[in-house]
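Residue-level listing of the chains:
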Amino acid sequence: MSGVKLNINFDSKQVARELNELVDSVQDRTALHRDIGEYMQLSTAERFAKEQAPDGTPWEPLKESTKKRKTKNRNSILRENDFLRDTLAYDAGSDAMEFGSNRVQAALMQWGGTDDMAPGPAAVEARPFVGVSNDDEDEIIQLADDFLMSAVRH
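All values derive from a computational prediction rather than experimental measurement.

Caption draft 1: Highlighting the packing of helix 2 (residues 30–50) against helix 6 (residues 134–153). Orientation of helix 2 relative to helix 6, taken along the N-to-C sense of each, is 155°, at an axis distance of 10 Å. On the basis of their axis angle, the class for helix 2 and helix 6 is roughly antiparallel. As helix 2 packs across helix 6, the resulting crossing turns out to be right-handed. Taking contact as the criterion, the partners of Ala31, Leu32, Asp35, Ile36, Tyr39, Met40, Ser43 and Arg47 in helix 2 are, on helix 6, Asp135, Asp136, Glu139, Ile140, Leu143, Ala144 and Phe147. Within the contact of helix 2 with helix 6, the residues separate by chemical class into nine nonpolar, one polar and five charged.

As structure tokens, this is what we get:
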């Protein structure tokens, strides 16, 4: 028989050591979660600028009474002082990443007020700003791919 033959011999201890290092690096996903948190801050800030929900729908317009009450940025939704946008933060660990705001106003604006709430600032339309858009999903998948490829290369 003619042809070419290639023999490859592995040092099983070295292969096992490198596989264990790969598994360890993937088990600590803190860096990936930080990257996702940073991305979500940028993406959400863009939503504030565009005045739209994660699914792309425009936020409910401001009522004239709200515009009159505001002292700055009268025509901007959720942006009188950028207080709400600027309280967005993330907490990244190995197992998870949490993103949002700890402000009561954040929950009220995200889900809106209810009929049994007092009129005025509490009786507002929902203007969702925290969430994952289709573009966000694509970017998060790309970040995860990059993270895994980096782990494989090292």
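Next comes the rest of the account.
Caption draft 2: The arrangement of helix 5 (residues 104–111) in detail. What helix 5 keeps buried is the set Ala106, Leu108, Met109 and Gln110. Along its buried surface, helix 5 packs onto helix 4 (83–86). Of the residues one or two after helix 5, Gly112 is the one with positive phi, at around 85°.

Caption draft 3: Structural view of the pattern of salt bridges. This structure, assessed with the given rule, holds five salt bridges. For Arg47, the salt bridge is made with Asp136, and the minimal N-O distance between the two is 3.1 Å. Remark: Asp136 occurs in helix 6 and Arg47 occurs in helix 2; sequence separation between them is 89 residues. A relative accessible area of 1% means that Asp136 is categorised as buried. Note that Asp82 and Arg85 form a salt bridge whose closest N and O atoms lie 3.4 Å from each other. Linked by salt bridges that have partners in common, Asp82, Arg85 and Asp86 make up one network.

Caption draft 4: Representation of helix 2 in the model. With 21 residues, helix 2 extends 30 Å between its outermost C-alpha atoms, agreeing within 8% with the 30 Å of an ideal straight helix rising 1.5 Å per residue. Taken together, the buried positions of helix 2 are occupied by Thr30, Leu32, His33, Ile36, Gly37, Tyr39, Met40, Ser43, Thr44, Arg47 and Phe48. Following helix 2 by one or two positions, Glu51 adopts a phi angle in the positive range, close to 55°.

Caption draft 5: Region of interest: the nonpolar core. Among the nonpolar cores identified, the biggest contains 20 residues, and Phe48, Trp59, Leu78, Leu84, Met109 and Phe129 are the most heavily contacted of them. Mapped by element, the contributors of at least two residues to this core are helix 2, helix 5 and helix 6. The biggest single contributor to this core is helix 2, with five residues. Apart from the residues lying within four places of it in its own chain, the contact partners of Leu78 are Phe48, Trp59, Leu84, Met109, Arg127 and Phe129.

Caption draft 6: Region of interest: the environment of Arg153. Assignment of secondary structure puts Arg153 in helix 6. A relative accessible area of 65% means that Arg153 is categorised as exposed. In the structure, Arg153 is positioned 131 residues away from Leu22 in sequence and 9.0 Å away in space, judged by C-alpha atoms.

Caption draft 7: Highlighting the pairing of strand 2 (residues 97–100). Where strand 1 (residues 89–92) lies against strand 2, four bridges are found, and the strand directions are antiparallel. Bridge pairing in strand 2 links Ala89 to Gly100. Where strand 1 folds back on strand 2, the antiparallel hairpin that results is connected by four residues.

Caption draft 8: Expanded view of unusual backbone geometry. Of note in the backbone geometry, Glu51 takes a positive phi value of approximately 55° without being a glycine. Relative to the helices and strands, Glu51 resides in the loop between helix 2 and helix 3 (64–69). Residue Glu51 is classed as partly exposed on the basis of its relative accessible area, which comes to 22%.

About the thresholds
- Residues numbered from 1 in each chain as written.
- Predicted model: local features only at pLDDT ≥ 70, side-chain atom pairs only at ≥ 80, totals over all residues.
- Heavy atoms only, no water.
- Axes fitted to C-alpha atoms, helices over the stretch in contact; angles between N-to-C directions.
- Helix = DSSP H or I, 4+ residues; strand = E, 2+ residues; numbered from the N terminus.
- Parallel < 35°, antiparallel > 145°, perpendicular 65-115°, else oblique.
- Left-handed = near helix turned anticlockwise from the far one by under 90°.
- Contact = heavy atoms within 4.5 Å.
- Nonpolar A, V, L, I, M, F, W, Y, C, P; charged D, E, K, R; others polar.
- Buried < 20%, exposed > 50% of the residue type's maximum accessible area, 1.4 Å probe, protein only.
- Salt bridge = Lys/Arg side-chain N within 4 Å of Asp/Glu carboxyl O.
- Expected span 1.5 Å × (residues − 1).
- Core = buried A, V, L, I, M, F, W, Y, C linked by side-chain atoms within 4.5 Å.
- Pairing = 2+ DSSP bridges.

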